[in-house]
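Examining the three-dimensional arrangement
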Amino acid sequence: MDTKDRMSEVAVERAELQIQIDAGKSLPVMEAFYTLQGEGNYQGRAAYFIRLGGCDVGCVWCDVKESWDAELHPVKTVEQIVQDAIQEILSDIKAAEIASGAESMEALGDAAGTDMIRGCIVVVTGGEPLMYELGPLTKALHAAGFRVHIETSGAYPLSGEIDWVCVSPKKFKAPLPEVISRAQELKVVVFNKSDFLWAEQHAAQVSPDCKLYLQPEWSKEKQMLPLMIDYVKTHPLSTWSLCVQVHKYINVP
Ligand code: SF4
């Protein structure tokens, strides 16, 4: 095959892959890991995170800037992403079972493994996960027995079957009203004083039972925490809760 033929073959492969990505059947995955949820309403709960690559929101303080360029991250099929989640969670459970001398997962059989992950939380995050069609991924996660959460800036339309929608609105690309209105959790990152007003503007758009969290931006935590504690204390009827990034204190990803 000459160079020209090879180049056109690569172009065809790329175009085919893009069709799969556009349909949500394959997605760029920056990383995936099993840990504890460090933030918000499910803080402290075991959760498997799927961090999709790609974000055009451009927060200056973003702590995952390496997620922005989707092309830097391997594209995986939805089936592979779900299999990875099952395998990683089960391997942690299996290691604990073996360490405790309990009956091994093999002895219990495949059904036991499936039961053990039923209802486990999978958090789809990014990057900005709603840049992608999430129907196939969320459907496959549900079929495997997972509970599906999403963490989004709200800048793109919702897609997929999602059990818990956490919207963290960003000034750099405002959230869509239809996404804000579907939020079950509103998490506002406080970087400076003007973020309190930004928080209130978005709290006015969520449903009455949406949980409200103010979270200090990590590099400004020392500076902003006293102001945030005062804010929560002086707005007792607004139902804001202070939320710190617990995973950074307990050194888990
Ligand atoms: Fe970073 Fe999230 Fe902002 Fe995107 S939306 S720039 S990933 S903090």
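Relevant structure appears above.
Now for a quick tour of the structure. (Residues numbered from 1 in each chain as written. Predicted model: local features only at pLDDT ≥ 70, side-chain atom pairs only at ≥ 80, totals over all residues.)

Some thoughts on the site of the ligand
Where we set the bar: Contact assignment follows one rule, namely that a residue is near a molecule or strand if its backbone-placed C-beta atom lies within 6 Å of it. Polar here means any residue outside two lists: the nonpolar Ala, Val, Leu, Ile, Met, Phe, Trp, Tyr, Cys and Pro, and the charged Asp, Glu, Lys and Arg; Gly therefore counts as polar.
All residues in the neighbourhood of the ligand are listed as Cys55, Val57, Gly58, Cys59, Cys62, Val64, Ser67, Gly126, Gly127, Glu128, Ser153 and Lys170. Classifying every residue of the shell around the ligand gives five nonpolar, five polar and two charged.

Section: the environment of alanine 47
This is how it is decided: What counts as a helix is a DSSP run of H or I of at least four residues, what counts as a strand is a run of E of at least two, and both are numbered from the N terminus. Here contacts are defined at the residue level, using C-beta atoms placed from the backbone and a cut-off of 7 Å between them.
Looking at the secondary structure, you find alanine 47 in strand β2 (residues 46–52). Alanine 47 sits 11 residues away from leucine 36 along the chain, and the two C-alpha atoms are 5.4 Å apart. Excluding residues within four positions of it along the chain, alanine 47 makes contact with Thr35, Leu36, Gln37, Tyr42, Ile121 and Val123.

Quick word on the pairing of strand β8 (residues 211–216)
Sheet faces and side chains relate simply in a regular strand, where the side chains alternate between the two faces. Condition: Here a residue counts as buried when 20 or more other C-beta atoms fall within 10 Å of its C-beta, as exposed when 12 or fewer do, and as partly exposed in between; the C-beta atoms come from the backbone. Clockwise travel from the first strand over the helix to the second, with the strands pointing away from the viewer, marks a crossover as right-handed. Here, any two strands with at least 2 DSSP bridges between them count as paired.
Of all six residues that make up β8, five are buried, and the element is covered over most of its length. Remark: the strand β7 (residues 185–190)/helix α7 (residues 194–203)/β8 crossover connection has right-handed handedness. Looking at chain direction, β8 and strand β9 (residues 240–242) are connected through three bridges and run parallel. Paired with tyrosine 213 across the two strands is serine 241, which belongs to β9. For the crossover from β8 across helix α8 (residues 221–234) to β9, the handedness is right-handed.

A look at unusual backbone geometry
Backbone torsion omega between glycine 126 and glycine 127 reads 20°, so that peptide bond is classified as cis. Position of glycine 127 relative to the elements: it lies in the loop between β4 (121–125) and α5 (135–143). Here threonine 239, not a glycine, exhibits a phi torsion of approximately 65°, which is positive. Looking at the secondary structure, you find threonine 239 in the loop between α8 and β9. Unusually for a residue other than glycine, asparagine 251 sits at a positive phi of about 55°. Structurally, asparagine 251 is set in the segment after α9 (246–249).

Comments concerning the sheet that holds strand β3 (residues 75–77)
Just so we agree on the cut-off: Helix axes are fitted only over the stretch in contact, all axes being lines through C-alpha atoms; the angle between N-to-C directions runs from 0 to 180 degrees.
The strand order β3-β1-β2-β4-β5-β6-β7-β8-β9 describes an open sheet built from nine strands, whose pairing is mixed. Whereas interior strands pair on both sides, the edge strands pair on one side only; in this sheet they are β3 and β9. Ignoring which end each strand starts from, the neighbouring axes of this sheet average 30° apart. Note that strand β5 (residues 147–152) and strand β6 (residues 164–167) share four bridges and pair parallel. By the bridge assignment, histidine 149 is partnered in β6 with tryptophan 164. Sheet strands touched by α5: β1 (26–36), β4 and β5. Its angle to β5, the strand with the most contacts, is close to 150°. Each of β7, β8 and β9 is contacted by α8, which is oriented at about 150° to β8, the strand it contacts most.

So, the nonpolar core
The tendency in soluble globular proteins is for nonpolar side chains to be buried as a group. So the rule is basically this: Each nonpolar core reported here comprises buried Ala, Val, Leu, Ile, Met, Phe, Trp, Tyr and Cys residues connected via C-beta atoms within 7 Å.
Core analysis: the biggest nonpolar cluster contains 46 residues, and Val122, Val124, Leu137 and Leu214 have the highest contact counts within it. Leaving out residues up to four positions away in the same chain, valine 122 has contacts with Tyr48, Ile50, Ala85, Leu141, Phe146, Val148 and His149.

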